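Each chain, letter by letter, is given below.
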Amino acid sequence: MSAFDPTDPHGFHAHEAHHGHHVVSGRTLVAVLGALVFFTVLTVMCSRAEIWVGNALHIAVPHWINVAGAMSIAVIKGTLVLLFFMQLRYDNPLNAIIFFFCLFTLALFLGLTSLDVGSRGMVFPWKANEVIAGGNSVGLTRQIGGVPMTGQVPIYEWAKEARPAQLGPKAFAAELAKHEAEHPHAPIVSDASHSRPRTGVTPGLFDAQAPEPHAGEAPAEEGH
Amino acid sequence: MSTAPTREPAWQHPTHAEHYRSHAEEFDACKIGMWLFLTTEVLLFAGLFCAYAIFRMKYPTAFSNGSHYLNSNIGMLNTIILLVSSYTMASCIRYAQLNEQRKLRFSLLFTIACGAAFILIKFLFEYMPKWAQGKRPGYLFEYPFATDPHEPLWWSVYYTTTGIHAAHVLIGMICIFFIYLGARRGKYGPGHYTGVEIVGLYWHLVDLIWIFLFPLLYLIH
């Protein structure tokens, strides 16, 4: 540390004397380029070797070896580019910290998504299947009251039929009454002080068909 | 050098904006700003990588078929072209630091040429033949020999990721061209090479993204 400089109390200029930025040597750059090209050829050869081993020797290489091999070589190449071409090795560490936190965010983003999508089938086998409109219970066979049933409709539609069949009419009526009590629907009234809920103020503009006339109101006639 | 010997090159008198104490401080601030921008670029591609991961997990057969449709020789050639361009871009900073102006200008032009070669190869040998065969994204799909119903989705992922990457290559080439124009005026030298450094970082990021896109699209089967 140098002596305190009253014209520069926070030491903003103290480092300027030796501020000269690092000049990466030409040999380092060529060596890094060589390594990058080598790893590129290596990863392509690995990928082909896995196919060749499978076809010629009839050895099924597990898929994760393919993924892990290709991605670890990509990580090595990316690290070389970051450290030497982007000069993070010689740079202000703050830049590396910024980028590290970005990669951390990326890992969270990809990791948690993969964990979710990749493990859904472990809990509910039908969730492992492809995503289709309306849910994918179509074609799924489940035991309903001891009777195997195959779904023909989306799962929530199916539940409307399966639940009464499982419980029987009496128990289901009790469940329905309980549901109505817990989630009361306001009766749709229309009189002088209650208007019918609808989207928009102009009758017939947003409704698929003309609305019901209000109580005691004569329907509007053409030509008026 | 066309500059008259009496006129000193611009890099010997670098100016800095008034709100910085020194040119060095401006350099550091520019660099941190660029790194922050690069994080947003990474997160832009993170969304695409995430889409790739989800769709590959949901439809592995379509993605396995998809990677077999791609020619890994062309992919390898394009990877090496981008790596070489990254090398020449890193050399540009070195040449500016050592005041080797001719080599600096040549390396900048060579980097642009590599970018152009990358895009030409991509369009002539990949996009155009594939599009003509009907290997197109989403509802444009017309390829008659697909064996998996989700192959249009694979092509959507392929064209989106490589297309956005190619757009970045194009933008990088334009930026490097502006740096080249500055270098011709003698703007960059040992004391001042902020522009070369900043654009170089952008170009290396484009390379970095391709380093990951290449195995994901071409090699994982």
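Now for a description of the structure that goes with this document. (Residues numbered from 1 in each chain as written. Chains lettered and ligands numbered in written order. Predicted model: local features only at pLDDT ≥ 70, side-chain atom pairs only at ≥ 80, totals over all residues. Heavy atoms only, no water.)

Details of the side chain of Thr40 of chain A
Operational definition: Strands are runs of DSSP state E lasting at least two residues, helices are runs of H or I lasting at least four, and both sets are numbered from the N terminus onward. The contact criterion used is simple: two residues touch if any of their non-hydrogen atoms lie within 4.5 Å.
You can see Thr40 of chain A is positioned in helix H1 (residues 26-56). With near-sequence residues (within four places) excluded, Thr40 of chain A lies in contact with Lys77 of chain A together with Met76, Thr79, Ile80, Leu83 and Phe214 of chain B.

Here's the deal with unusual backbone geometry
Note the threshold: Each residue is assigned to one of three classes by its accessible area relative to the maximum for its type, calculated with a 1.4 Å probe on protein chains only: buried under 20%, partly exposed between the two thresholds, exposed over 50%.
Even without being glycine, Gln87 of chain A reaches a positive phi, approximately 60 degrees. Position of Gln87 of chain A among the secondary structure elements: in the loop between helix H2 (63-85) and helix H3 (93-123). For Asn99 of chain B, which is not a glycine, the phi torsion comes out positive at approximately 60 degrees. When you line up the elements, Asn99 of chain B lands in the loop between helix H3 (72-97) and helix H4 (101-132). Classification of Asn99 of chain B by relative accessible area gives partly exposed; the value is 32%.

Regarding the nonpolar core
Residues and elements named next belong to chain B. Using the following cut-off: Note on terminology: a nonpolar core comprises buried Ala, Val, Leu, Ile, Met, Phe, Trp, Tyr and Cys residues joined through side-chain atoms within 4.5 Å.
Leu108 and Tyr158 are the most contacted members of the largest nonpolar core, which has 89 residues in total. In terms of residues, this core owes the most to one element, helix H6 (residues 194-219), which gives 18 residues. Apart from the residues within four sequence positions on either side, Tyr158 is in contact with Leu70, Lys122, Glu126, Tyr127, Lys130, Gly163, Leu217 and Tyr218.

A look at H2 of chain A
Note the threshold: For a helix, the expected span equals 1.5 Å multiplied by the number of residues minus one.
Here H2 of chain A contains 23 residues, and its C-alpha end-to-end distance of 32 Å stays within 8% of the 33 Å for a straight helix at 1.5 Å per residue. Those residues of H2 of chain A not exposed but buried are Asn66, Ala70, Ile73, Ala74, Lys77, Gly78, Leu80, Val81, Leu82, Phe84 and Phe85 of chain A. Lining the buried residues of H2 of chain A we find H1 and H3 of chain A together with helix H1 (23-58), H3 and H6 of chain B. Note on H2 of chain A: the residue one or two positions beyond its end, Gln87 of chain A, has a positive phi of about 60 degrees.

Remarks on the side chain of Asp91 of chain A
Within the secondary structure, Asp91 of chain A is located in the loop between H2 and H3. Asp91 of chain A gets classed as buried once you look at its relative accessible area, which sits at 19%. Apart from residues lying up to four places away in sequence, Asp91 of chain A is in contact with Lys31 and Trp35 of chain B.

Considerations on the environment of Glu197 of chain B
Selection rule: For this analysis, a polar contact is any N or O atom pair within 3.5 Å, provided that within protein one partner can donate a hydrogen and the other can accept it, and provided that sequence-adjacent residues contribute only side-chain to side-chain pairs.
Its place among the elements puts Glu197 of chain B in helix H6. Here Glu197 of chain B falls in the buried class, since its relative accessible area comes to 3%. With 101 residues separating them in the primary sequence, Glu197 of chain B and Ala96 of chain B have C-alpha atoms 9.6 Å apart. If we skip the residues at most four places from it in the chain, Glu197 of chain B touches Gln87 of chain A together with Phe27, Lys31 and Ile93 of chain B. For Glu197 of chain B, the side chain forms a polar contact with the side chain of Lys31 of chain B, separated by 2.7 Å.

Remarks on the pattern of salt bridges
Heads up, the rule is: Counted as salt bridges are all cases of a side-chain nitrogen of Lys or Arg within 4 Å of a carboxyl oxygen of Asp or Glu.
Within this structure, the stated rule accounts for seven salt bridges over all chains. The partner of Asp116 of chain A in a salt bridge is Arg120 of chain A, with the nearest N and O atoms 3.0 Å apart. With Asp116 of chain A and Arg120 of chain A both in helix H3, this residue pair falls four residues apart, about one helical turn. For the salt bridge of Arg136 of chain B with Glu142 of chain B, the shortest nitrogen-to-oxygen distance reads 3.6 Å. Each of Asp91 of chain A together with Lys31 and Glu197 of chain B takes part in salt bridges that share partners, so that together they form one network.

None of this, on its own, says anything about what the molecule does.
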